[in-house]
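# Structural overview for review
Letter by letter, the chains look like this.
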Amino acid sequence: MKSGSNRKAQNAGADSAPRPGQPQGSVPLGLADTVAQSLLHIQTELGGSPDLQIRRIQIGGERRLEAAAVHLSGLADPAAVNEFVLGSLLNHTEELFLDRTDGGADSRGEEASLPQQILSRAMETGEALLQEEWKEIMLAILSGDTAILLEGCRAAILCGTRGGEQRAVSEPTSQLVVRGPKDGFVESVATNIALIRRRIKSAKLHLEVLKLGSETHTHVAMMYMKGIAGEDLIREARDRLNKIALNEILESGYIEELIQDKSFTPFPTIYNTERPDVAAGNLLEGRVVIIVDGTPFVLILPAVFTQFFQSAEDYSQRFDIAILMRLVRYLSFLVLILGPSVYLALTTYHYEMIPTTLLINLLSQRENVPFPAFVELLLMETAFEILREAGVRMPRAIGQTVSVVGALILGTAVVEAGIITPIMVIVVALTGIASFALPAYNMAIAGRIIRFAFLIMASIFGFYGITLGLILLVAHMSSLRSFGVPYLFPFVPLSIKGHKDTLFRMPLWLNGADKPPAQMREEMPDYMLLTTGHEEQLPPLIRKNCRTEEENREE
Amino acid sequence: MRNRIFGGIGVLFVLPMLLLTGCWDSVELNRRAIVSGVAIDRGDSEAERYKLSFQVIVAEEISGEKSRGISPVALYTGTGRTMFEALADASRQTARFLSLGHVRVLVISEKFARAGIKDLLDVLERESDTRLNSLIFISKGQPAREIMSTMTVFSKIPANDLVEKLETTSKQFGYNFRMAVDDVIRGIQIRGGGPVINGVFTRGEWTPASGSNDSLKSIEPRSILRVSSLAAFKDDKLKGWLTGDAALGTVLLHNRIKEFPVLLKQQEGGYFSFNIYQSQVSLAVESSDPEHPVFTVKITQQAALKEAPHPLDLTSPKVLEELSDRLIKESVKHIQAAVSTAKELGSDYLGFGRALQRKDPRGWKKVRDHWEDVFADCEIRFDADVVIRHTDMRSNSFQIH
Amino acid sequence: MGKVKIGLVEFFSLTVLFELGTALVVNLGMGAGRDAWLSILLGCAAGLMMFTGYAYLYRKHPNQPFTAYTRQILGKYIGAPVGLVYIILYINLAARDLRDGSTMLAMATMHNTPLFILSALMLLSGAYVLHKGVEVLSRTSMVFAFVVLGIGLFGTVMLILSGTINLHRLLPVLENGFQPVLRSVIHQNYMFPFGEMVCFTMLMPYLSSVKKGPWIIAAAMVFSALLLSFTMALNVSVLGADIVERSPLPLMPTISKISISDIIQRVDIFVVMVLIIGVFFKMAVFFAAALIGISDLFKIPYRKMLYPCALIILFTSMLDARSFIEHLDEGGTLLYRVYPYLMIVVPALLVIVTAVRDHFSAPRPG
């Protein structure tokens, strides 16, 4: 949290510094008595931006009152602005003023009630409120709302007209399934909430919305099932979100990085998904979902290791097939991290283990190859990483061609030129394909990094290095926690009950339809339920487990 | 934070050092010369006490694309006063590390075996690279290196060919069985007995030409490796060769045979053929007097009629009963032959002593020092049961009508 | 020791891995010849009796490690030096175990790698895991207990399929009577590996349940004794008593006898893996015991002494002996002459003192 506090300090500094474009005069920007003055202030604040749409009107029929509707074009829904805001102002205010013929427009008692009356009697928009705070008004305009300024009134009516161009709900691009729902989250937080609500029509589904980021003011929604998600988990998540002090939040990754338990690990400890069905399922299992405006990727926490091997499709397919697919995924993770290193250890250290016939084959392949096996592997793995990166970044039309052409042509050419042994290409290709078999992309990346560590260990120490590496890896993983839940749960600590949906997916009828969904934190004995991340709340010994805290104290 | 930076820098320094100087045990595959078989001969002088010939696989010739048409294996010979010195001597001749991890065959010359093999076995079990599963052969009547330098038809690597031949004979119609290094070591430790090791020899005269591809160019190869006979040892010295009934009986007593053919002669001339399978032989001991133990050999076998070119009524249980009785006699004959040969050679390689030890360890202690003598005149009884399960796809022969 | 607790299942697996340690791969109890399996079981029985004493002390002081309650029972001036002696014992045991492991590794596969590098790598890994905490060590042990059991199961099944097991080689049982078995128990088996459980007196305060904890550990001891006994019986039935007796690592040749149609062959590298895992966890437990002792006795934070202690262990292990033979000989002497005092006599004294005090301080009925 150290970096957070630093940033906070910077923010404070930034706030106090004069802004460019702001008049150096002593008059602070704010709502003024006259509409013209207020508009000027708004324009100054936004630096005279041309997308600021100001519509000056006169309302109240004969008793004309100066008014203005302000919104940002593109952000606001033009139809809503035209029809409901301007329409109601121009059409319905007349009678309002007629009713008030007895009183003078300039009498001070009525000034406050006029906007109130407009609000309650004229406005046709569903969302409208009276706001006096300058900052809030500006934020509303920047979010796409329309502000209505009235002559002689130091408050503005804010109408919810957010809209503008948005991507339609479409099939998610990252987590594809053969069978299952095809809708995916979009960039709009409201749509995303709706997508989840549509699946869980329960009053227990609670929603909390925060605005984070001192510049971006991003809407961050936190959803959970009241009564299913543990209270302390919700509190913990809320606390951590509230402690975020960052100027900009453009993607859920920003938040993920700041609220995860431990920063120094390749493993993701928070799950992300683009699929509403996955989010809904996790909500029902007692997890907390965090939706960030501006990204279709939604965070799910706490996340344990096994979760990254689950795919939405597991629940659409028969359980036996699902079990098989899961096992294949775990296997492919093993192949991914150990494949090249085991090959290296076998050929350079433990050749006696290779069946004789195969050994002769390998030997004849290696006969005229210039590089040692380790260098060869490193070269090929790097080349493969480049190919993969190129394939991702390329425009979609040629991206696939590049990866196919790259893999096939390069692989063949390199073998034919006698630079690399064919078996090496097989090994590298296998690990590459294995990394694609994992349903979670971030887990695949973690595996790819770890693979290189194992490669080095194997090149120096053979199987000894691999075994020690495995011990270290498991130790590292079991020291990880995600919001207090041990990362390797339910393997370590072992929970038979928790194994309903990890290595195997038990059939639904076995889980029992009436039983509440698995709640990880409740299945664990108390002494394991230690949360991390907040120094004050930490039990003394866990603090030692949490690296960041310790370093803070040391410094 | 500072700690982590220092840690990171430390790793950055140590890692290249390890990568550059490390990899102590790492040997690239193309730096290895894989040995498939070793021949052990006795040289003439003391400096050539051991003469080791290593059959090294030339992998490129076997599966490479750029083969030069040379021999798929190469033989390197080293000599020395010890096995290790001979190995070192041979390594100096090869460009690569002689790697013993894939040695599948060890051939010891008969001359060597007669002088005693215990010294060479020590290095075989001590060295961590060699495997206990390597098969041991004794080259019958010729130097072991000739066996290792005979070109074979079915496998490009002669050592593998030898292994396959042994496996085929042990599964079908042969009395040879897998005899690995540890079996031999255990065999040597049998008090008053010794191991039994497979014999191998070349059929047809061995000439230097047998080691070239030319030998295989004719339909009938000039020399063929043949796995046959059993070398019977007393302690670590070769005492004699077992063939025929004696060899078969020996293997039966070791329970190492899967199936074998038995012929019964018919009075009218001609033979019956049986295939015996699922043969179980066990030893029971009665040792009220350890000096004169009485062994009972229990035999249970199953037989299938394979050939019956006679007008005999094979549908009658009586006839089959009669045939089984004759089969029993045949089995007893095999084992009797084995026992009498063993007694002649003065070596209990059949495991009678072990059986006594298991049954009556105290009695065994009294006789173990002169077990040879006790064995020579112990009494052996038989309790055999052979069943002819079926007569295969026909009942009576067509000759019956 | 604060709030960190270790669950029962994790403790079980940690105990099992600790017991298996190096014992699984060495020729344990071969002083008894082919009856080694029997002497292991007897050794376990003796070890269990010793453990009853440790468990008694633990029940009396459920929140204190051994070094803490010695001070409480014997007083500060006697208790503290006794505690110090135990810390030295644990460091010594960790160092010996490290030396065992790295030498065996060098004998088995890494012929040319310097012993120092092998030891240092193992120790650094241990230090990393302990840096994460004893709790993490115990959790990691669970995964690897499954790995070891898996390898064991694989090996056994493969040996059966290869047809190399000959139960006749286990006969006759007790050929030379009971004496060799007893001698082997007295010289080795009750101490190694069962007496070494004394270091669990340092870890037991972490147990999550005072009531069930000791039972779980005892069950783990019995379980590992059965495994060890089974393994030795397997070794003998595959190789014969004599070869096993002469092999420092008999499990390796045993497993190397596996040969399934030339595809699965020479899988003895799995044994090396078991060796590494066993040595690692055994050493880590001793290491942890020493660290807990140091932090308890000198009131130094646990992590501060981690790397100094690692260095001490590393150099003790390197300077321990010139050769493995010397090392083993020294170990035999220590096992027979020194360890019994620390593993039996001192705990027994503590038990007696506690029991007597309890007896007199307890309110008399009536």
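Just so it is clear, the model here is predicted, and its values are computed rather than measured. (Residues numbered from 1 in each chain as written. Chains lettered and ligands numbered in written order. Predicted model: local features only at pLDDT ≥ 70, side-chain atom pairs only at ≥ 80, totals over all residues. Heavy atoms only, no water.)

Further remarks concern the interface of chain A and chain C. The partner chain C presents 42 residues to the 35 residues of chain A that form the contact. The contact between chain A and chain C buries some 3700 Å² in all, and 70% of this surface belongs to carbon and sulfur atoms. The tally of links from chain A across to chain C stands at one salt bridge. Residue E135 of chain C is joined to R481 of chain A by a salt bridge in which the shortest nitrogen-to-oxygen separation is 3.4 Å. Counting across the chain A and chain C interface gives six residue pairs in polar contact (both at pLDDT 80 or more). Of all the secondary-structure elements, those providing two or more residues to the side of chain A that touches chain C are α17 (463–479), α20 (540–545) and α21 (547–554) of chain A. It is α17 of chain A that contributes the most residues to the side of chain A that touches chain C, 12 residues altogether. (Contact = heavy atoms within 4.5 Å. Buried area = accessible area lost by both parts, 1.4 Å probe. Salt bridge = Lys/Arg side-chain N within 4 Å of Asp/Glu carboxyl O. Polar contact = N/O pair within 3.5 Å; in protein donor to acceptor, adjacent residues only side chain to side chain. Helix = DSSP H or I, 4+ residues; strand = E, 2+ residues; numbered from the N terminus.)

What follows covers the sheet that holds strand β8 (residues 271–273) of chain A. Residue and element names in this part refer to chain A. If you walk across this open sheet you meet the five strands as β6-β7-β9-β10-β8, and the pairing is antiparallel. With partners counted over all chains shown, the strands left at the sheet margins are β6 (205–212) and β8, one partner each. Averaged over all pairs of adjacent strands, the angle between their axes in this sheet comes to 25°, without regard to strand direction. Sheet topology places β8 next to strand β10 (residues 298–301); three bridges connect them, and they run antiparallel. Looking at the pairing, Y271 lines up with I300 of β10. Taken strand by strand, helix α10 (residues 276–284) contacts β6, β7 (218–225), β8, β9 (288–292) and β10, and its axis lies near 50° from that of β7. (Pairing = 2+ DSSP bridges. Axes fitted to C-alpha atoms, helices over the stretch in contact; angles between N-to-C directions.)

Residues and elements named next belong to chain B. Along its sequence, chain B is organised into domain 1 (30–242) and domain 2 (245–401). Contact residues are listed per partner, giving 24 residues for domain 1 and 24 residues for domain 2. Where domain 1 abuts domain 2, roughly 2000 Å² becomes buried across the two surfaces, and 62% of that area is made up of carbon and sulfur atoms. Counting the contacts that link domain 1 with domain 2 gives two salt bridges. Note that R191 and E372 form a salt bridge whose closest N and O atoms lie 3.2 Å from each other. Across the contact surface, domain 1 and domain 2 share seven residue pairs in polar contact (both at pLDDT 80 or more). Secondary structure elements with two or more residues in the side of domain 1 that touches domain 2: α7 (158–171), β8 (224–234) and β9 (237–242). In terms of residues, the side of domain 1 that touches domain 2 owes the most to one element, β8, which gives four residues. When its residues are assigned to classes, the side of domain 1 that touches domain 2 shows 10 nonpolar, eight polar and six charged. (Domains from an automatic or database assignment. Nonpolar A, V, L, I, M, F, W, Y, C, P; charged D, E, K, R; others polar.)

Quick look at the packing of helix α11 (residues 319–348) of chain A against helix α15 (residues 422–436) of chain A now. All names here are of chain A. Relative orientation of the contacting elements α11 and α15 amounts to 160°, with a least axis distance of 7 Å. One way to sum up the angle between α11 and α15 is to call them roughly antiparallel. When you trace α11 past α15, the crossing you get is left-handed. Here α11 contributes S332, V335, L336, G339, P340 and Y343 to the contact with α15, which in turn contributes I423, M424, V427, L430, T431, A434 and S435. Partitioned by chemical class, the residues of the contact of α11 with α15 number nine nonpolar, four polar and no charged. (Parallel < 35°, antiparallel > 145°, perpendicular 65-115°, else oblique. Left-handed = near helix turned anticlockwise from the far one by under 90°.)

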